[in-house]
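# Commentary on secondary and tertiary structure
Given next are the chains, with one letter for each unit.
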Amino acid sequence: MNPLPISRRRFIAQSTGLAATTFLGPNLLLRGQEAAGKRVNIAVIGALGKGQVDTGKVALDHNIVALVDIDTKRLESAAKSLEKKYADAQQTIPAAPKLYTDFRKMFDEMAAGIDAVIVSTPDHTHFVAAMRALKHGKPVCVQKPLCNTIWEIRELHRAARDAGVLTQMGNQGRTMDGQRVAKEWIDQGAIGTLKEIRLWTNRPLWPQGALIKRVVECPPNVNWDLWLSSEPGEPYFEFEVPAGAAVQAKRGNGVHPWNWRGWWQFGSGALGDMGCHIMDAAFSILGQQIPEKIEVKSGPVSALNPPVWSTLIYHFAGSDKHGPLTVSWHDGALDDGRPNKPERDERIPLPVFDKASSGMMFIGTEGVVFEPDAYCEHPVIFPEERFADVKRATETGKIKQTERRSPLPDNPQGEWAQAIVMGGTTSSNFDYAAPLAEFVSLGNLAIRSGETIQWDAKAMKVTNVEAANRFVKRASYRPGWV
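Now for a description of the structure that goes with this document. (Residues numbered from 1 in each chain as written. Predicted model: local features only at pLDDT ≥ 70, side-chain atom pairs only at ≥ 80, totals over all residues. Heavy atoms only, no water.)

## Description of helix 14 (residues 412–422)
For helix 14, the tally of buried residues reaches 9 of 11 residues, placing the bulk of the element in the interior. Turning to helix 14, its buried residues are Pro 412, Gln 413, Gly 414, Glu 415, Trp 416, Ala 417, Ala 419, Ile 420 and Val 421. At the exit of helix 14 stands Gly 423, carrying a positive phi of roughly 90 degrees. (Buried < 20%, exposed > 50% of the residue type's maximum accessible area, 1.4 Å probe, protein only. Helix = DSSP H or I, 4+ residues; strand = E, 2+ residues; numbered from the N terminus.)

As structure tokens, then:
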């Protein structure tokens with residue numbers, strides 16, 4: 001079923017719409033008035049769920065020429081949803097997308113008609129899908145955490161540089177004004193000297209811990225072999241959650257399409273889900289430094305699954321802007337059911353802190369920047385008197401706007417597609433996103449080893465716990481995928 005049959009209605013739309021489709025061709029950037037109204041031909045790998053959200057960010061301004069998903073039900077649903085989106089916007093669909101279950105076959109058949117590629121699959125397929133797009137010279141927008149091993153992150157970054165194409169990671173907070181404002185405040189002394197950063201999330205919202213595999217019959221709509229992609233072949237399985245586990249299954253007991261984050265093979269736990277969001281502002285404010293050492297405490301870790309909670313302390317050397325400091329990360333729920341949150345800075349009102357299931361604190365000598373969400377969209381300063389002073393300083397120009405703003409806040413996919421047409425760069429291109437993803441992923445090296453690790457970024461190696469280095473790169477890749 002590659003490609004899938006399409007309905008007669010969609011076939012007619014595709015046939016009549018192709019004449020209006022503008023093919024930009026790989027690497028072609030249009031400029032100025034000549035670019036106005038041009039539409040990028042985009043293929044989306046991973047069609048429903050987050051892929052559907054990503055598609056929606058670009059569909060009305062550009063052409064979705066292909067949708068790929070290993071689940072035929074989800075693929076058809078995504079295609080119908082796209083039709084509805086155009087209908088609701090009273091737009092004629094430029095061309096019905098071709099539907100595929102295997103992105104390799106899509107590239108084989110229609111690479112010349114694809115200008116750019118969005119990858120919104122489970123983490124373990126980001127590398128193989130994006131790498132194939134880059135080998136065809138296509139700009140790529142890849143969901144966070146970019147890849148779920150540090151070796152893959154670096155290889156994908158290298159390949160993107162070699163290809164010379166526009167890149168983006170799907171961490172939407174990076175496109176928002178709030179993160180820039182927080183950096184301007186801290187850089188210009190709004191909270192005095194920055195001393196510490198504390199971050200937390202309510203993830204995981206899926207089962208983790210020592211889960212038990214149970215081989216079952218694969219649903220007919222799921223191509224399990226394609227879902228595994230580069231991972232070693234194994235029978236389709238569901239899982240059991242041990243009695244007393246802190247996090248229970250919310251959406252069935254299969255790894256597809258939701259629970260894969262709780263498996264080291266396919267995801268990267270709470271860090272992989274939210275780290276590139278919640279750690280993003282800290283990474284930017286600290287000048288994109290990579291930590292030297294990471295301490296860890298967590299619940300039990302299995303060879304297959306991340307723990308139900310973890311606490312990490314990233315240690316950073318001093319820089320020209322900040323002295324040595326720590327960034328702490330807290331996720332999950334403790335054994336007694338309490339959220340694993342950091343200690344509250346006393347300047348933040350208790351009711352405000354208690355309401356924040358995820359968030360960040362940038363703790364300074366004269367105040368604290370507080371964000372009660374994952375994206376640093378609406379940061380505030382405590383104490384409130386200090387915030388009032390900062391607002392006045394901003395109004396009078398004492399605190400200046402120094403950070404470039406995104407033309408499309410909260411829309412990394414749209415920002416990327418617009419830059420393909422108009423030129424320029426993106427907020428989270430791989431020169432920024434790859435080191436951020438590495439910063440995040442280092443926490444999983446510590447979690448999986450269960451020990452404090454020291455990281456030599458130049459050598460891409462843990463220097464004090466040799467066993468942790470086996471997690472830097474995936475153990476193997478199935479032939480035909482890399």
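## Some details on the sheet that holds strand 7 (residues 194–201)
Across the sheet, which stays open at both edges, the 9 strands sit in the order 15-14-13-7-12-11-10-16-17 with mixed pairing between neighbours. Looking at strand neighbours, the two that pair on one side only are strand 15 (380–382) and strand 17 (461–462), the edges of this open sheet. Two strands pair when backbone bridges link them, and strand 11 (residues 309–316) and strand 12 (residues 325–332) are joined in this way by 8 bridges, in the antiparallel orientation. The residue of strand 12 that forms the bridge with Ile 313 is Ser 328. Taken strand by strand, helix 8 (residues 177–187) contacts strand 7, strand 13 (359–364), strand 14 (368–371) and strand 15, and its axis lies near 170 degrees from that of strand 14. Its contacts with the sheet put helix 10 (residues 269–278) on strand 7, strand 11, strand 12 and strand 13, and the angle it makes with strand 12 is roughly 135 degrees. (Pairing = 2+ DSSP bridges. Contact = heavy atoms within 4.5 Å. Axes fitted to C-alpha atoms, helices over the stretch in contact; angles between N-to-C directions.)

## Considering the packing of helix 3 (residues 50–58) against helix 14
The N-to-C vectors of helix 3 and helix 14 enclose an angle of 45 degrees; their axes lie 8 Å apart at closest approach. Taken together, helix 3 and helix 14 sit at an angle that is classed as oblique. The two elements helix 3 and helix 14 meet at a crossing, and its hand is right-handed. Of the residues in helix 14, those in contact with Asp 54, Lys 57 and Val 58 of helix 3 are Gln 413, Gly 414 and Ala 417. Within the contact of helix 3 with helix 14, the residues separate by chemical class into 2 nonpolar, 2 polar and 2 charged. (Parallel < 35°, antiparallel > 145°, perpendicular 65-115°, else oblique. Left-handed = near helix turned anticlockwise from the far one by under 90°. Nonpolar A, V, L, I, M, F, W, Y, C, P; charged D, E, K, R; others polar.)

## Focus on the packing of aromatic side chains
Here the structure, examined in full by the defined rule, presents 19 aromatic pairs. Look at Phe 103 and Trp 481: their rings are 5.7 Å apart centre to centre, the planes differ by 65 degrees, and that puts the pair in the edge-to-face class. Of the two residues, Phe 103 sits in helix 5 (residues 103–110) while Trp 481 sits in the segment after strand 17, which places them 378 residues apart along the sequence. Each member of the pair, Phe 103 as well as Trp 481, is classed as buried. Ring centres of Trp 224 and Trp 227 lie 5.1 Å apart, and the angle between their planes is 5 degrees; on these two criteria the pair is classed as stacked. Here Trp 227 and Trp 224 lie together in helix 9 (residues 224–228), a separation of 3 residues that amounts to about one turn. Under the relative-accessibility criterion, Trp 224 is labelled buried at 7%. By relative accessible area, which is 4% here, Trp 227 ends up buried. Aromatic rings pair up to connect Trp 224, Trp 227, Tyr 236, Phe 237, Phe 239, Trp 263 and Phe 266 into one cluster. One cation-aromatic arrangement involves Arg 174 over Tyr 432; the distance from NZ or CZ to the ring centre is 4.0 Å. (Phe/Tyr/Trp six-rings, centres within 6.5 Å; stacked < 30°, edge-to-face > 60°. Lys NZ or Arg CZ within 6 Å of the ring centre and 35° of its normal.)

## Things to note about the nonpolar core
By size, the foremost hydrophobic cluster in this structure holds 104 residues, and its most contacted members are Met 106, Tyr 314 and Phe 362. A per-element tally of this core places helix 15 (residues 430–449) first, with 12 residues. Discounting residues that sit within four places of it in the chain, Phe 362 has contacts with Ile 186, Ile 191, Leu 194, Glu 196, Ile 197, Ala 281, Ala 282, Ile 285, Gly 367, Val 368 and Val 369. Counting 25 residues, the second-largest nonpolar core is a separate cluster that includes Leu 48, Leu 82, Leu 99 and Leu 166. (Core = buried A, V, L, I, M, F, W, Y, C linked by side-chain atoms within 4.5 Å.)

From the geometry alone we can't say anything about function, so treat these as descriptive.
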